Every structure is written in structure tokens, then in C-alpha cells.
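# Secondary and tertiary structure notes
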Amino acid sequence: MIDVAVVGLGPAGAHYARRAAQQGQSVVAFERGSVGEPLACSGHVSRDLWEFLPDAAPDRLRQHEIRGARFHVAPEDDGYLFYRDEPISNAIDRVDLDRLLVELAAEAGAEIRTNHLVTAVEEGPESVSLTVRGPDGVERVEAAMVVGADGPQSTVRRELGLPEPERFLVGTLRHVPEPDHADHVDVYLTVPGFFAWRIPRGDAGVEYGLAGPPGYDVVDHLDNRLAGHGVPDGERFGGHIPIGPPERVHTDRAILLGDAAGQTKPFTGGGILYGLRAAEIAARKLDPSALDTTAYERAWRAELGTEIRLGRWLRRAYSLPDPLARLGLSTLAGEIDVHMDEPSSLFSKDALTTLFRG
Ligand SMILES: Cc1cc2nc3c(=O)[nH]c(=O)nc-3n(C[C@H](O)[C@H](O)[C@H](O)COP(=O)(O)OP(=O)(O)OC[C@H]3O[C@@H](n4cnc5c(N)ncnc54)[C@H](O)[C@@H]3O)c2cc1C
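Residues numbered from 1 in each chain as written. Predicted model: local features only at pLDDT ≥ 70, side-chain atom pairs only at ≥ 80, totals over all residues. Heavy atoms only, no water.

Under an unreviewed UniProt entry, the chain has the name Geranylgeranyl reductase and belongs to Halodesulfurarchaeum formicicum.

Right under this line is the structure:
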């Protein structure tokens, strides 16, 4: 019997597979398609990403460096710029991020099986049994534990009867191949409960996107906005964004990671960094031969729980009436020392000093 079966080779699953294999565990990882595709992500990440990757990774993945964000309350206003003097975040090649993480997992000794769809998961007292459909037919795989890193619509979560994230948003994006070297992203608080965006990607082009609640036709709204501004057509992508982790993301022999566990920032929907951090915690806490999945549950909530709770409050500010939103943004705008993955940094001494600097 193998030690760990990982379902899903997005960033969370691939990073966990790598770390577990490095610890000498036998790991098999299943991905239903080919790695990284279809794209469903902007790949806008804080520079913390590089801590999880080899030194050469930025040269391979980085498309553009970003120093701030301009928030707009109405589509045509000048907006309120929040910035730092140094780069805060990067636009990266997201498909290649997934490929790199999978290469690293394979180098560490994990067995990678692409084009393998996990269709059923049964948990017994001594092992977990997976039904997997691949190019050569259907097989059963026994493992001491399973890691459900299979994204927002997780099969592992459903099969094991674990609760769903609090809510889902739907996101869409369009890549336009016109070089854009602006040093900030634009955020338009013009969507019910969420926002639209524009991300410069350097020579790789520019991205326009929009996310909103289910039932809000994000594609139609984005198309209408962009048509009004004469933005050329481009490749389109999209996907679901879970917001708010469920109350439990483990069973005795299974854990959920990343989007499957709702480990995203409620105020942006971004989940790459939280998924990587949760994978790191899981690899540290879990030993398949003496399994205690509650240790993982406690540890990831201790590290990310407060940020997610504060992120929920930040997200509520998107629904403020326009005059209040303008007042808040104009008071806070300028150079500000906050970390884009850590809402708690809004309350740091440096951030408060900057805010009340006079
Ligand atoms: C429009 C949009 C824009 C976004 N922009 C950003 C951003 O700029 N920055 C950011 O940090 N986050 C962003 N996100 C969120 C980010 O994409 C996710 O948080 C991140 O991909 C989660 O990683 P993951 O490994 O948990 O899951 P995923 O990346 O979803 O990977 C899950 C993998 O599991 C596979 N899989 C699913 N079911 C099965 C199965 N039954 N058997 C085998 N394999 C299976 C899937 O094919 C997939 O490869 C965005 C999301 C959307 C929708």
C-alpha cells in the first residue's frame, strides 16, 4: 500500500506531493487533465511565492513586477492609488507555475499520473480506496491517506461527505496580447459584492477580468465593459472561486488542501499562496504511519484563520455605498506598508504610522 494519494496537481497538490516525497513517503498524484490547463487564474501573486521555489524560478515564471493598485468606485473615475516604492507582487505564467511544481514533485520521487480522473473515494479504518479512470481503464488504488487538492468543485470533498465552502464566486478573464508595462493593477468596485480588474503583464500583454456571485453573468458584463472601451478580443478563461472555508476539512484518513478547503483570500479570491502555505503545514504535520489529521486542521487554522476572518471584513467594504467607499479610499490612499496576503498587516505599527503620518 502506498503512503499518500494526492488528487489534483494544481499548486497545492503538487507542492504537497513534493514535500511528502522529500520526507521519504511513497506518493502517487493524479491529475484529471494535463498540468496547468485549462487556465483559470490571473497568476497575480505576492513575492512570497519565490520562497516555495528554486532560485531560478523568477526568471522562468515572472512576466511583470507590480508596485500597487488603483481602486475605482466608478468605471471612469481617476481612482485612488495605493503603492509602495518597491515591487509588491508579480504577474506570473500560471500554467508554467503548475508545471514547475509538478517537475519538482517528480524530482523528489512522487509518481505523477496525468490524464487520470479520480471518480470515487472510500475510507476504511486502515486505508483509503480510490477509483481512478485513466487512458488504460479503471483501477483501484489503496493508500494510507488521501489529500484532496482537487480544486473548488472537489470530488474528494463530496465523496467523503465533507462540508462545502461558505460560498462560490464565478470569475472570467480575457488576455489581450498588447504589451502593458504599467506598474499597478486597476481594481473596479463596480460589481455586486466583488470587483473587476486589469492586470499589466509586461510583454505578455494585459489581462481584464471580473468576478461576481453566481447568477451574475460575468462574461456578458466583462464583454460589455470592454466593448465600450474598444478593447480588442483575446483568449478567454474562467473558473469558480470558493470563499470561506468549511468548518471541517479532514476525516480520519483524508485532508483537503487549497481551493478544495476554501483556503483563499476572501477579499481577492486569490488562493495560490494560502494553498502553498497549507500544503507546507500539512507536510510538516502529517505522518501516514501515525496519522493525526486533526493536527493539520488545528495548525492551518492557527496560521491562516485570522487572515481569512479579517479578509472577510475587508470584502464587506466592497459593498459600502459609493460616498463612504470614496471617503475610505481617499483617507487611506498613498504609500502604504501592507502585505497583500495578510490583512492583519493593515494593523501593523508601520501601516498605522503611515496612515496617520499627518
Ligand atoms: C478568474 C480567476 C482568477 C484568479 N486569480 C488569482 C490570482 O491572481 N492569484 C491567486 O493567488 N489566485 C487566483 N485565483 C485562484 C487560484 O486560481 C486558486 O486559488 C488556485 O488555483 C488553487 O489551487 P489548488 O491547487 O487548490 O487548485 P487548482 O489549481 O484548482 O487545482 C486543482 C487540480 O485538480 C484537478 N482535479 C479536479 N478534480 C479532479 C479529479 N476528480 N481527479 C483528478 N484531478 C482532479 C484539476 O484539473 C486541477 O488541476 C483565481 C481564480 C479564478 C477563477
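Resuming the write-up.
## Structural notes on the pairing of strand S12 (residues 167-176)
Here S12 lies mainly inside the structure; 7 of its 10 residues are buried. Judged from the 9 bridges that link them, S12 and strand S16 (residues 235-243) form a sheet pairing that is antiparallel. Within S16, the position partnered with Phe168 by the bridge is Pro242. Bridge count between S12 and strand S15 (residues 206-212): 7 bridges; the pairing is antiparallel. Note on S15: the bridge partner recorded for His175 is Glu207. (Buried < 20%, exposed > 50% of the residue type's maximum accessible area, 1.4 Å probe, protein only. Helix = DSSP H or I, 4+ residues; strand = E, 2+ residues; numbered from the N terminus. Pairing = 2+ DSSP bridges.)

## With respect to the sheet that holds strand S13 (residues 184-191)
Read from one edge of the open sheet, 8 strands run S16-S12-S15-S14-S13-S5-S6-S18, paired in mixed fashion. The sheet terminates laterally at S16 and strand S18 (334-335), the two strands that pair on one side only. Bridge count between strand S6 (residues 80-83) and S18: 2 bridges; the pairing is parallel. For Tyr83, the partnering residue across the bridge sits in S18 and is Glu335. Where helix H8 (residues 322-332) meets the sheet, it contacts strand S5 (68-72), S6, S13 and S18, and its direction lies at approximately 40° from that of S6. (Contact = heavy atoms within 4.5 Å. Axes fitted to C-alpha atoms, helices over the stretch in contact; angles between N-to-C directions.)

## Topic: the site of the ligand
Around the ligand, the structure places 34 residues, and the nearest of them are Glu31, Arg32, His44, Val118 and Asp259. Residue Ala12 places a main-chain N or O atom 3.0 Å away from an oxygen atom belonging to the ligand. Take Arg94: an N or O atom from its side chain is 3.2 Å from an oxygen atom of the ligand. Taking 1,000 Å² as the accessible area of the ligand by itself, protein coverage stands at 90%. Secondary structure elements with two or more residues in the shell around the ligand: helix H1 (11-22), strand S9 (117-123), S12 and S16. (Near = heavy atom within 4 Å. Polar contact = N/O pair within 3.5 Å; in protein donor to acceptor, adjacent residues only side chain to side chain. Areas by Shrake-Rupley, 256 points an atom, 1.4 Å probe, with all protein chains shown as cover.)

## A look at the packing of aromatic side chains
Scanning the model with the defined rule gives 5 aromatic pairs in all. With a centroid separation of 6.1 Å and 85° between ring planes, the pair formed by Phe194 and Tyr318 is classed as edge-to-face. With Phe194 in strand S14 (residues 194-200) and Tyr318 in the loop between helix H7 (293-316) and H8, this pair connects stretches of sequence that are 124 residues apart. In this structure, Phe194 and Tyr318 share a single accessibility class: buried. (Phe/Tyr/Trp six-rings, centres within 6.5 Å; stacked < 30°, edge-to-face > 60°.)

## Describing the nonpolar core
In this structure, Tyr16, Leu49, Leu53, Leu130, Leu257 and Tyr296 are the most contacted members of the largest nonpolar core, which totals 95 residues. Ranked by residue count, the leading element in this core is helix H6 (residues 272-285), at 9 residues. In this structure, Leu130 is in contact with Ala5, Val7, Phe30, Val118, Ala120, Val121, Glu139, Arg140, Val141 and Val146, ignoring residues within four places of it in sequence. By size, the runner-up hydrophobic cluster in this structure holds 12 residues, among which are Val176, Val206, Tyr208 and Val218. (Core = buried A, V, L, I, M, F, W, Y, C linked by side-chain atoms within 4.5 Å.)

## Some details on the packing of H6 against H7
The description of two helices packed together rests on the angle between their axes and the distance between the axes. Two elements in contact, H6 and H7, have axes whose closest approach is 8 Å; the angle formed by their N-to-C orientations is 155°. With respect to H7, the axis of H6 lies roughly antiparallel. As for the relative orientation of H6 and H7, their crossing is right-handed in sense. Contact with H6, carried on its side by Tyr274, Arg277, Ala278, Ile281, Ala282, Arg284 and Lys285, involves Ala295, Tyr296, Ala299, Trp300, Glu303, Leu304, Glu307 and Ile308 of H7 and no other residues of that element. By residue class, the composition of the contact of H6 with H7 is 10 nonpolar, no polar and 5 charged. (Parallel < 35°, antiparallel > 145°, perpendicular 65-115°, else oblique. Left-handed = near helix turned anticlockwise from the far one by under 90°. Nonpolar A, V, L, I, M, F, W, Y, C, P; charged D, E, K, R; others polar.)

## A look at the UniProt feature "domain: FAD-binding" (unreviewed entry) in the chain
With numbering matched to this structure, UniProt assigns "domain: FAD-binding" (unreviewed entry) to residues 2-163. Between the end C-alpha atoms of residues 2-163 the distance is 27 Å, and the span holds 23% helix and 37% strand. (UniProt positions renumbered as here; feature names shortened; annotations may be inferred.)

## What to know about the pairing of strand S11 (residues 137-148)
As paired elements, strand S1 (residues 2-7) and S11 share 5 bridges and run parallel to each other. When the sheet's bridge partners are listed, Val7 is paired in S11 with Gly148. Taken together, the 7 bridges between strand S10 (residues 128-134) and S11 define a ladder with antiparallel strand orientation. Bridging across to S11, Val128 finds its partner in Ala143. Here S10 folds back onto S11, and the loop between the two strands holds 2 residues. Bridge analysis of S11 against strand S17 (residues 254-256) gives 3 bridges, and the strand direction is parallel. Bridge pairing in S17 places Val147 opposite Ile255.

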